[in-house]
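The chain contents come next:
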Amino acid sequence: MDNVSLGILFTVILMVLILLLKIPVGLAMALSGAAGIYFIAGPKALFNIVSNVPFTTSSDYVFTVIPMFVLMGWLAAESQISTDMFIIVNKWLGRIRGGLAMAVSLACAAFGAVCGDSITTAVTMTSIALPEMRKNNYKDRLSTGILAAGGNLGFLIPPSIAFIIYGIITETSIGHLFIAGVLPGIMIAVAFCLAIYVICRIDPQAGPAGKRYPVREMIKIPGGAWLMIALAVMVLGGIYAGVFTPTEAGGCGAFITLVFGLATRRLNRKRIAGSLINTARTTGMIFILIIGAIIFSRMLALSTLPFVITDVIADMVINRYIILALILIVFIILGFFLDIMSILLIMLPVMSPVVSSLGFDLVWFGVLVVVTVMMGQISPPVGIVVFAVNGVVKDVPLMEIFKGATPFFFVMAICLVILVAFPIISLLLPNLMMAAK
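What counts as what
Starting afresh in each chain, residues are numbered from 1 along the sequence in its written order. This being a predicted model, a pLDDT of at least 70 is required before a residue's local features are given, and a value of 80 or more before pairs of side-chain atoms are given or counted; all residues contribute to the totals for chains, interfaces and linings. In computing side-chain properties, one takes all heavy atoms of the structure into account and sets aside hydrogens as well as water. Numbering of helices and strands starts at the N terminus; helices are DSSP runs of H or I of at least 4 residues and strands are runs of E of at least 2. Values of the radius of gyration come from C-alpha atoms, whereas the globule rule sets the reference at 2.2 Å times the count of residues to the power 0.38. In this analysis, two residues are considered to be in contact whenever any of their non-hydrogen atoms come within 4.5 Å of each other. Every accessible area reported is derived by Shrake-Rupley at a probe size of 1.4 Å, with residue values counting cover from the shown protein chains alone. Counted charges follow a simple rule, with Lys and Arg positive, Asp and Glu negative, and His plus the chain ends left uncounted. Lysine's charge is taken at NZ, arginine's at CZ, aspartate's at CG and glutamate's at CD. Per-residue accessibility, obtained with a 1.4 Å probe over protein chains only, is compared with the maximum for each type, and a residue is labelled buried under 20%, exposed over 50%, and partly exposed between these values. Two rings from Phe, Tyr or Trp (for Trp, the six-membered ring) form a pair when their centres are within 6.5 Å of each other. A pair whose planes differ by under 30 degrees is stacked, one over 60 is edge-to-face, and the rest are tilted. A helix's residues, less one, multiplied by 1.5 Å, set its expected span. Summary of the metric used: pLDDT quantifies the predictor's per-residue confidence within the range 0 to 100. Residues enter a patch when their relative accessible area is above 30% and they make no salt bridge; the linking distance is 9 Å between like charges and 5 Å between nonpolar side chains (Val, Leu, Ile, Met, Phe, Trp, Tyr). Throughout this description, the term salt bridge denotes a Lys or Arg side-chain nitrogen within 4 Å of a carboxyl oxygen of Asp or Glu. Every axis in this analysis is a line fitted to C-alpha atoms, fitted for helices over the stretch in contact. Angles between the N-to-C directions lie between 0 and 180 degrees. Under this scheme an angle from 65 to 115 degrees is roughly perpendicular, one under 35 degrees roughly parallel, and one over 145 degrees roughly antiparallel; angles in between are oblique. Among the buried residues, those of types Ala, Val, Leu, Ile, Met, Phe, Trp, Tyr and Cys that are joined through side-chain atoms within 4.5 Å form a nonpolar core.

Chemist: Now, about the overall build of the protein: what can you tell me, with residues and values included?
Modeler: Scanning the protein for helices and strands turns up 22 helices and zero strands. What you see for the protein is a C-alpha radius of gyration of 22 Å, in line with the 22 Å of a compact globule of 437 residues. Its C-alpha atoms give the protein principal-axis dimensions of roughly 75 × 50 × 45 Å. When contacts within the protein are restricted to residue pairs at least 6 apart in sequence, long-range pairs at least 24 apart make up 80% of them. Summed over its atoms, the accessible surface of the protein is roughly 18200 Å², and 70% of this surface lies on carbon and sulfur atoms. Charge-centre separation for the protein: the mean point of 25 positive side chains lies 14 Å from the mean point of 17 negative side chains.

Here's what the structure looks like:
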């Protein structure tokens, strides 16, 4: 059996291990990758790779960006600054039909700017916003649907853990990816608001108008909202201006969030300890995934499978946008079954050389990939963000949340088409960033 066939065989074995045996993705990638290396290159190569990859990965300075932003997100969650952001947006929008749901969409986008993770964003916003939405007689379908879809924005709005992983695997600038996600993230958040408006026009009982606040209340901005704005400006502005590297921006953001939490007495010893423990757990999980993915990608490189696929596609007489569409459809389908980290780590070693050979910009492709996987994360059977919301509101049936999220799936599909048709939406800010340098 030749090397390419072995690469295909062990890729299939990987998917079987994950989907049927329910082995953790990082371990499954490491096992199937190690077995493939053994059969392709022998035990000596296997020993060299398996003995070196864990140490070189965990000691690489590039990867320190991950725990910095994870810590910032957990400190922000424990400091309850998302509550302040929801309060201020609700005061402005809650008075109109569907206004509370629109406030959730925008507050999720804002909290995503300091969190970087969709599960944390969805769970945090659900615990904050759902009681208020129920008090205002919102239907659970709309409420939980927008909480799941809005929580997803944590993947796209920088600083995004998904962009960090994408940048590391594809060797693309993480700073450029962060900046590229800003306009698409805002576009999707606003598109969600338009969808909510349409839903509430069709069914006024889905999201009744809420309380009206006097202007003096509307212009009062809580401290947590100011912090969120300051962090977003500092992180994105610092990276854009070249003042910070992404790692330094994450470290500064975590420190400022800690100081704010201590100064406002929102953080105590227990909450800080909880943030550190959760950061360690999340970081450990991500590093296991990365180490497994690197071992698996080494097996793919030895098998020459990615290069064969690239050559085959290059020889095909098909419009490159048709190939891009097929690749994006594959990412959407995988999102039905796997979490975003697993998809990025499994698929990017194979797909990024193909996309690059077609002449597409990898920063732009990174935005498209994240949006496609976001669509899968709110779709059955394994919509991971929907399950996260259901874990907080156990009295709402799982399928009811999936039904509520369905309109927002199609909204993201429309936004995806727009992003494909107009790459400038994703590339405008990165291009300006490079021009400024």
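Don't stop here, the text continues.
Chemist: Pulling in residues and values, what's your account of the environment of Ala230?
Modeler: Here Ala230 shows up in helix 13 (residues 223-241). Classification of Ala230 as partly exposed rests on a relative accessible area of 43%. In sequence terms Ala230 and Leu71 are 159 residues apart; their C-alpha atoms lie 17 Å from each other.

Chemist: How would you explain the packing of aromatic side chains if you had to name every residue and give the values?
Modeler: Scanning the model with the defined rule gives eight aromatic pairs in all. When the ring of Phe69 is compared with that of Phe178, the centres are 5.5 Å apart and the planes differ by 85°; the resulting orientation is edge-to-face. Here Phe69 is found in helix 4 (residues 65-78), whereas its partner Phe178 is found in helix 10 (residues 174-180), with 109 residues between them in sequence. Centre to centre, the rings of Phe387 and Phe402 are 6.4 Å apart; their planes meet at 80°, and the pair counts as edge-to-face.

Chemist: Tell me about helix 6 (residues 99-115), residues and numbers included.
Modeler: Its 17 residues give helix 6 an end-to-end C-alpha distance of 23 Å, which sits within 8% of 24 Å, the value for a rise of 1.5 Å per residue. For helix 6, a buried count of 16 out of 17 residues is recorded, marking the element as mostly surrounded by other parts of the structure.

Chemist: Account for the environment of Leu302, with residues named and values stated.
Modeler: As for its position among the elements, Leu302 is in helix 15 (residues 269-303). Residues Leu302 and Arg269, spaced 33 residues apart in sequence, show a C-alpha to C-alpha distance of 49 Å.

Chemist: If you had to explain the confidence of the model for the protein to someone new, which residues and values would you point to?
Modeler: Do not read the fine detail of predicted coordinates wherever pLDDT is low. Within the protein, residue pLDDT values average 82, and 94% of them lie at 70 or more. Between the elements of the protein, mean pLDDT differs from a low of 67, seen in helix 1 (residues 3-19), to a high of 93, seen in helix 21 (residues 398-421).

Chemist: A description of the side chain of Thr372 should follow, citing residues and the corresponding values.
Modeler: Assignment of secondary structure puts Thr372 in helix 19 (residues 362-376). Beyond its immediate stretch of four places on either side in the chain, Thr372 contacts Leu328, Phe331, Ile332 and Leu416.

Chemist: Can you tell me about a nonpolar patch on the surface, naming the residues and giving the values?
Modeler: A surface patch of nonpolar side chains, about 750 Å² in accessible area, is lined by Val308, Val312, Met316, Ile318, Ile322, Leu326, Ile329, Ile333 and Phe337. Elements represented by at least two residues in the nonpolar patch include exactly helix 16 (305-315) and helix 17 (320-335).

Chemist: With reference to specific residues and values, describe the packing of helix 4 against helix 9 (residues 161-170).
Modeler: In contact at an axis separation of 10 Å, helix 4 and helix 9 are set at 175° when each is read in the N-to-C sense. If you check the angle between helix 4 and helix 9, you find them roughly antiparallel. Judged by residue contacts, Val65, Ile66, Phe69 and Val70 of helix 4 engage Ile161, Ile164, Ile165 and Ile168 from helix 9.

Chemist: Could you give an account of the pattern of salt bridges, with specific residues and numbers?
Modeler: One pass over the full model with this rule turns up five salt bridges. Note that Arg271 is salt-bridged to Glu78, the shortest N-O span being 3.0 Å. Of this pair, Arg271 sits in helix 15 while Glu78 sits in helix 4, placing them 193 residues apart in sequence. Here Lys139 and Asp203 are joined by a salt bridge, their closest N and O atoms 2.7 Å apart. In this pair, Lys139 is assigned in the loop between helix 7 (118-135) and helix 8 (140-151) and Asp203 in the loop between helix 11 (182-202) and helix 12 (215-218), connecting sequence segments 64 residues apart.

Chemist: Would you mind going over unusual backbone geometry in detail, with residue names and values included?
Modeler: Note: most peptide bonds trans; most residues except glycine with negative phi. Even without glycine at this site, Asn137 takes up a positive phi of about 65°. Of note, Asn137 is situated in the loop between helix 7 and helix 8. Of note in the backbone geometry, Glu171 takes a positive phi value of approximately 55° without being a glycine. Within the secondary structure layout, Glu171 lies in the loop between helix 9 and helix 10. On the basis of relative accessible area, Glu171 is assigned to the exposed category, the value being 74%.

Chemist: Please set out the nonpolar core residue by residue, giving values where relevant.
Modeler: Soluble globular proteins: nonpolar side chains tend toward being buried together. Judged by nonpolar contacts, the single largest core of 154 residues is most densely connected at Ile66, Phe331 and Phe365. Ranked by the residues each element gives to this core, the list is headed by helix 6, at 13 residues. When residues no more than four places from it in sequence are discounted, the contact partners of Phe331 are Ile343, Met347, Leu348, Met351, Phe365, Val369, Thr372 and Val373.

Chemist: Tell me about helix 5 (residues 81-93), residues and numbers included.
Modeler: Given 3.6 residues to a turn, an α-helix orients residues that are three or four positions apart in the same direction. Relative to the 18 Å expected for 13 residues at 1.5 Å per residue, helix 5 spans 19 Å between its end C-alpha atoms, a close match to the ideal helical length. Among the residues of helix 5, Ile81, Ser82, Asp84, Met85, Phe86, Ile88, Val89, Asn90 and Lys91 are the ones counted as buried.

Chemist: Explain the environment of Leu419 to me, using residue names and the numbers behind them.
Modeler: Take Leu419: it is sitting in helix 21. Classification of Leu419 by relative accessible area gives buried; the value is 0%. Each C-alpha atom, one on Leu419 and one on Ala110, is 21 Å from the other, the two residues being 309 residues apart in sequence. The contacts of Leu419, once residues within four sequence positions are left out, are Pro184, Met187, Trp364, Val367, Leu368, Val371, Ile425 and Ser426.

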